[in-house]
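# Descriptive analysis of the structure
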Amino acid sequence: MCGFVFASEERIGMKMFKESYDNIFHRGPDNQTIEESNGFWGFHRLSIMDLTSNGNQPFSHNGKKLVCNGEVYNFLHLKELLKDSYEFRSESDCEVLIPLYEKFGFEIMLKMLDAEFVLVMYDEETGEIMAARDPIGIRPMFYGYDRIMGGICFASEAKGLIGFCDEVYPFPPGHYYKDGDFHLYYKNGEFHIYNDIADPKIIVDEPLDTVTEKIREKLEKGIAKRLHSDAPMGFLLSGGLDSSLVCAVAQRYLDKKIKTFAIGMETDPIDLKYAREVADFLGTDHTEVIMTKEDVLESLEKVIWHLETWDITTIRASIGMYLVCKYIHENTDLKVLMTGEVSDEIFGYKYTDFAPCPEEFQKEAQKRIRELYMYDVLRADRVIAANSMEARVPFGDLNFVDYVMSINPEKKMNRYGKGKYLLRKAFEGLNYLPDSILYREKAAFSDAVGHSMVDCLKEYAENKYTDEDLEKAEEKYPYRTPFTKESLLYRDIFEKFYPGHAHWIKDFWMPNRTWEGCDVDDPSARVLKNYGESGK
């Protein structure tokens, strides 16, 4: 996971720029570069592909300059396409971007990428500043306008901009920014959508066996392509369906034991026993990490600083993930972690069992995909990057997501007595996983590390705030007012670090409360009547 800061106006001064640039050092401790040329370009590198200095950024060629935090999974194919017109100087996957732009133009270049990425590019010949983000928003980027000259600025995290930009916004996934006049970008710059991955162009209605076979094949390919890394890789394993499938497929592709990691509370872990069952079945090199209530409370402020959010479920789920990543960073040489995010958004959560019809199920999936950058993939990126590692998300593979979103939504609804049935059936009878795991009930990560974690946070907030404090929350925070003492705690910590920037997050992540059975006041599946065996 790398990080960058770009400011188009050099008149903000190096001191102000560097102070903000230093805020995201954790994203790339292997190499630091600041260049002053047509703006300030700051890059923190985490060396993943081509571990030599040849892969350092910014990349420059023919008057074009580029920074990119990303993994281009089809870079070998693209290099072959460009070999007659460009001489490559590194084995970095991101080096293909400038020559690809020169040959095809910016929008076509973006549509040719099988990648998770954010990038900023400057073309000296046209004077254009360009920026783009992958269709799901797996890699983060923010933009703003500097308070000195009003110049456009971009950074991997908001904390890289707030030191010299008054207004900072998330860069929308699947969009690009392109500007024809370097000096008037703040007047003329526009955002263009190039890929709304949530909106399939067709809906296919194929036999169930055909659907599940394609799901398996496309997911296997999505996992396999993400195994390409020059830096050592590990796997987060909760023992739930999604992370277990990632580990199972990866172990089949690799000729050595994969390294897996699970975390749970010391008193009542749920996930650990299931993760151990999967690890034993696959024969992985497995590590269990134990966390305490003290660990939870001690890490809370740091986690919120890294996340840049006040959302309840994002913060809850991030604490265990942050602590297991902290352990990995401090005790191993791993730099890449495979995770299981994005599956729930396309196949369904526990609450989507209550979807009243196929149309509503599809609309909910589209909403969840379009908002992923504010919730689950935000969590995965920030807590892994906080510990100087890179997240890879196979369920976010573009070809895979595009296909699953195109499946007749009636087939994706829970008509089978088990949520996410298509995904489960896709791997049934092939000895990837024990049936006890393949058909294990969905349990949210923040619950499955141990119910005592959330209970501990609620108790801490209950002791910190009075009922009167909560009653005054609306006056204090009129935008997305905290409605529990726990949510007030998170909002106060967020505002301590990022005052006035609550708009980065649109709303609290909650089930669709317009559906019968989902009108709840807590994001945890524990409050749903279909929670059932999930907490066991």
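### Some remarks on the overall build of the chain
A tally of regular secondary structure across the chain gives 22 helices and 17 strands. Relative to the 2.2 N^0.38 estimate, which gives 24 Å for 536 residues, the radius of gyration of the chain is 23 Å and therefore close to what a compact globule would have. With the C-alpha coordinates of the chain rotated into their principal frame, the extents come out at 60 × 60 × 45 Å. A sequence separation of at least 24 residues applies to 71% of the contacts in the chain between residues at least 6 apart. Counting only carbon and sulfur atoms, one obtains 46% of the accessible surface of the chain, whose full area is about 20100 Å². For the chain, the separation between the mean place of its 66 positive charges and that of its 93 negative charges on side chains is 2 Å.

### Considerations on the sheet that holds strand 17 (residues 390-392)
Read from one edge of the open sheet, five strands run 15-14-13-16-17, paired in parallel fashion. At either margin of the open sheet sits one strand with a lone partner, and together these are strand 15 (285-291) and strand 17. The mean angle between the axes of side-by-side strands here comes to 30°, regardless of whether they run parallel or antiparallel. Against the sheet, helix 10 (residues 312-331) touches strand 13 (233-236), strand 14 (259-265), strand 15 and strand 16 (336-338), its axis set at about 135° to strand 14.

### Examining the nonpolar core
Generally speaking, nonpolar side chains in soluble globular proteins are found buried as a group. Within the largest apolar cluster, 185 residues are counted, with the highest numbers of intra-cluster contacts made by Leu 110, Leu 119, Phe 154 and Ile 215. The element best represented in this core is helix 10, accounting for nine residues.

### Thoughts on the environment of Ser 243
Within the fold, Ser 243 resides in helix 7 (residues 241-253). For the pair Ser 243 and Thr 339, spaced 96 residues apart in sequence, the C-alpha separation works out to 6.0 Å. In this structure Ser 243 touches Leu 236, Leu 237, Ser 238 and Gly 340, once residues within four positions along its chain are discounted.

### Section: the side chain of Ser 343
Of note, Ser 343 is situated in helix 11 (residues 343-347). According to the relative accessible area criterion, Ser 343 is buried, its value standing at 0%. A distance of 3.2 Å separates the side chain of Ser 343 from the side chain of Lys 420, its partner in a polar contact. Excluding its chain neighbours within four sequence positions, the residues that come into contact with Ser 343 are Asp 242, Gly 348, Phe 395, Lys 420 and Leu 423.

### Examining the sheet that holds strand 3 (residues 40-45)
The six strands lie next to each other as 2-3-1-9-8-10, forming an open sheet whose pairing is antiparallel. Every other strand in the sheet has two partners, leaving strand 2 (31-36) and strand 10 (165-170) as the edge strands with one partner each. Between one strand axis and the next, the sheet turns by 15° as a mean value, whatever way the strands run.

### Here's the deal with the packing of aromatic side chains
Tallied over the full model, the rule gives 29 aromatic pairs. Where Phe 17 meets Phe 164, the ring centres are 6.2 Å apart and the plane angle is 35°; that geometry is what we call tilted. Taken together, the residues Phe 17 in helix 1 (residues 14-21) and Phe 164 in the loop between strand 9 (152-155) and strand 10 connect sequence positions 147 residues apart. Note on accessibility: Phe 17 and Phe 164 belong to one class, buried. Put simply, the rings of Phe 6, Trp 41, Tyr 143, Tyr 145, Phe 154, Tyr 169, Phe 171 and Tyr 177 pair up and form one aromatic cluster. A cation over an aromatic ring shows up here: Arg 440 above the ring of Tyr 274, its NZ or CZ 3.9 Å from the ring centre. The residue whose ring lies beneath Arg 491 is Trp 310, and the NZ or CZ to ring-centre distance is 5.5 Å.

### Remarks on the confidence of the model for the chain
Across the chain, the average pLDDT comes to 93, with 96% of residues at 70 or higher. Long-range and interchain partners of residues 180-188, a stretch whose pLDDT sits below 50, account for 22 contacts in this model, where long-range means more than four residues apart.

### Some words on helix 22 (residues 485-497)
Between its terminal C-alpha atoms helix 22 stretches 19 Å, which fits the 18 Å expected from 13 residues at 1.5 Å a residue. Across the 13 residues that make up helix 22, a large majority, 11, are buried. Buried residues of helix 22: Lys 485, Glu 486, Ser 487, Leu 488, Leu 489, Tyr 490, Arg 491, Asp 492, Ile 493, Phe 494 and Glu 495, and no others. Check the buried side of helix 22 and you find it contacts helix 9 (293-307), helix 10, helix 19 (451-464), helix 20 (467-471) and helix 21 (473-476).

### Examining the environment of Lys 425
For Lys 425, the location among the structural elements is in helix 16 (residues 421-426). For Lys 425, a relative accessible area of 21% corresponds to the partly exposed category. Sequence separation between Lys 425 and Leu 51 is 374 residues; the distance between their C-alpha atoms is 40 Å. Every residue in contact with Lys 425, bar those within four places of it in the chain, is listed here: Leu 208, Asp 209, Thr 212 and Tyr 439.

### With respect to helix 10
In a regular helix each residue adds 1.5 Å, so 20 residues correspond to 28 Å; helix 10 covers 29 Å between its end C-alpha atoms and thus fits that length. The sharpest bend along helix 10 reaches about 30° and sits at Ser 318. Within helix 10, 15 of the 20 residues are buried, leaving the element largely enclosed by the surrounding structure.

### Topic: the packing of helix 6 (residues 208-225) against helix 7
It is the contact of helix 6 with helix 7, at a shortest axis distance of 9 Å, that shows an interaxial angle of 70°. Viewed along their axes, helix 6 and helix 7 adopt a mutual orientation that is roughly perpendicular. As helix 6 runs across helix 7, the sense of the crossing is right-handed. Across the interface between the two elements, Glu 220, Ile 223 and Ala 224 from helix 6 touch Leu 245, Val 246, Val 249, Ala 250 and Tyr 253 from helix 7. Here the residues of the contact of helix 6 with helix 7 sort into seven nonpolar, no polar and one charged.

### Observations regarding the environment of Glu 428
Relative to the assigned elements, Glu 428 resides in the loop between helix 16 and helix 17 (435-438). Overall, Glu 428 belongs to the partly exposed group, its relative accessible area being 36%. It is 10.0 Å that separates the C-alpha atoms of Glu 428 and Arg 216, two residues lying 212 residues apart in sequence. The contacts of Glu 428, once residues within four sequence positions are left out, are Leu 438 and Tyr 439.

Each value, and the rule that gives it
- Residues numbered from 1 in each chain as written.
- Predicted model: local features only at pLDDT ≥ 70, side-chain atom pairs only at ≥ 80, totals over all residues.
- Heavy atoms only, no water.
- Helix = DSSP H or I, 4+ residues; strand = E, 2+ residues; numbered from the N terminus.
- Rg over C-alpha atoms; globule rule 2.2 N^0.38 Å.
- Contact = heavy atoms within 4.5 Å.
- Areas by Shrake-Rupley, 256 points an atom, 1.4 Å probe, with all protein chains shown as cover.
- Lys, Arg positive; Asp, Glu negative; His and termini not counted.
- Charge placed at Lys NZ, Arg CZ, Asp CG, Glu CD.
- Pairing = 2+ DSSP bridges.
- Axes fitted to C-alpha atoms, helices over the stretch in contact; angles between N-to-C directions.
- Core = buried A, V, L, I, M, F, W, Y, C linked by side-chain atoms within 4.5 Å.
- Buried < 20%, exposed > 50% of the residue type's maximum accessible area, 1.4 Å probe, protein only.
- Polar contact = N/O pair within 3.5 Å; in protein donor to acceptor, adjacent residues only side chain to side chain.
- Phe/Tyr/Trp six-rings, centres within 6.5 Å; stacked < 30°, edge-to-face > 60°.
- Lys NZ or Arg CZ within 6 Å of the ring centre and 35° of its normal.
- pLDDT = per-residue confidence, 0-100.
- Expected span 1.5 Å × (residues − 1).
- Bend = angle between axes of the 7 residues up to and from the residue.
- Parallel < 35°, antiparallel > 145°, perpendicular 65-115°, else oblique.
- Left-handed = near helix turned anticlockwise from the far one by under 90°.
- Nonpolar A, V, L, I, M, F, W, Y, C, P; charged D, E, K, R; others polar.

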